[in-house]
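Listed below, chain by chain, are the residues.
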Amino acid sequence: MDVPLTLSFSTCFVFAGTAAAVWFLILKHSKGDKESLLFAWFWFFASGVVGFMGLRTLLFGLGFIILDLTFALIDQIFLIGLLIVLGHYLFYKVSSKEKLSKQIAFFIIAPLSILSIVLMFYYIYQMSGPLSKLSIDSLRREIVLNRVVSDWGSEFAPPKDSLLIIGFLGATYLILLLYDLAIRIIAWQKSKSLKQPYRFYATISLIIFLAALFFDQRGINAGWKLLIFRTSALISALIAYLAYSSESFLERGQENKE
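This one's a predicted model, so the numbers in the text were calculated from it and none came from an experiment.

### Some remarks on the overall build of the chain
- In terms of helices and strands, the chain carries nine helices and zero strands.
- Element order for the chain, N to C, with α for helix and β for strand: α-α-α-α-α-α-α-α-α.
- The burial tally for the chain puts 47% of its 258 residues in the buried class.
- Once local pairs closer than 6 in sequence are excluded, the contacts in the chain between residues at least 24 apart make up 79%.
- Accessible area for the chain stands at about 12800 Å²; split by element, carbon and sulfur atoms hold 68% of it.

### Some points on the nonpolar core
- Phe15, Trp43, Leu82 and Phe209 are the most contacted members of the largest nonpolar core, which totals 56 residues.
- Looking at which element gives the most residues to this core, the answer is helix α3 (residues 65–95), with 11 residues.
- In contact with Phe15, not counting residues within four places along its chain, are Trp43, Ala46, Ser47, Val50, Phe209, Ala233, Leu234, Ser236 and Ala237.

### A short note on the confidence of the model for the chain
- Predicted confidence across the chain gives a mean pLDDT of 82, with 79% of residues reaching 70 or more.
- Counting interchain partners and residues more than four positions distant, the pLDDT-below-50 stretch residues 148–154 has 28 contacts.

### Details of the packing of aromatic side chains
- Scanning the model with the defined rule gives 23 aromatic pairs in all.
- With a centroid separation of 5.6 Å and 15 degrees between ring planes, the pair formed by Phe15 and Phe209 is classed as stacked. Of this pair, Phe15 sits in helix α1 (residues 5–29) while Phe209 is found in helix α7 (residues 197–217), placing the two residues 194 residues apart along the sequence.
- Phe209 sits in the buried class, given a relative accessible area of 1%.
- Judged by centre distance (6.0 Å) and plane angle (75 degrees), the rings of Phe39 and Trp43 are edge-to-face. In this pair, Phe39 and Trp43 both sit in helix α2 (residues 34–62), four residues apart, roughly one turn of the helix. In this pair, the class of Phe39 matches that of Trp43, namely buried.
- Of the aromatic side chains, those joined through ring pairs into one cluster are Phe15, Phe39, Phe42, Trp43, Tyr89, Tyr198, Phe209, Tyr244 and Phe249.

How each quantity is defined
Residues numbered from 1 in each chain as written. Predicted model: local features only at pLDDT ≥ 70, side-chain atom pairs only at ≥ 80, totals over all residues. Heavy atoms only, no water. Helix = DSSP H or I, 4+ residues; strand = E, 2+ residues; numbered from the N terminus. Buried < 20%, exposed > 50% of the residue type's maximum accessible area, 1.4 Å probe, protein only. Contact = heavy atoms within 4.5 Å. Areas by Shrake-Rupley, 256 points an atom, 1.4 Å probe, with all protein chains shown as cover. Core = buried A, V, L, I, M, F, W, Y, C linked by side-chain atoms within 4.5 Å. pLDDT = per-residue confidence, 0-100. Phe/Tyr/Trp six-rings, centres within 6.5 Å; stacked < 30°, edge-to-face > 60°.

Here's what the structure looks like:
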């Protein structure tokens, strides 16, 4: 099934706008709640990651190969920020210890994330060296040939070492999310009342987003398969927005203000 260029990059842009709206909404109403603030900044970085994916898709489709590769590097910088903030958020969420979660984020997750991106940059550098001598048309054909892409896409598979680090972090985050989800479901079963449901749906939104992002970042899917993953990411952002625009969160923010 063919996927039009406009549909592929517009899905990313709609996600970026929705994620930015989540970020703004939480900042406006959190009133200093640490967990909510970390969740907000996660969506800020998610907006940048997927937004630049859409921009790169557009640029590649229009033939601007060099700009596509340049924005790919910026995209990965946003990914580093996303991984660090998400790690801080999740370890703080399950332990309630800010100092411990901050140490894990900056002394374990940050070095691993940076190493992953450095390996990816080196891979791109190695790939671009021999191709730099080609004409733009030849360069475009070579990139299409060496990437698993459709006519509109610009996805490529990252090096195995880089993907292994991202997979390790993603698996760790998923375990923490499932643990948090299980704790909230058990508490709900005992009390028959789901307190602060926006936190429950926040966890759901992150599980969906991380799964979609992982399959997107693998770089081995294109066309309608990639569109499904990016649509799933959009659904996760919508869930987060609906959760944090709920009365339970807005009322909590009002209480903190008072």
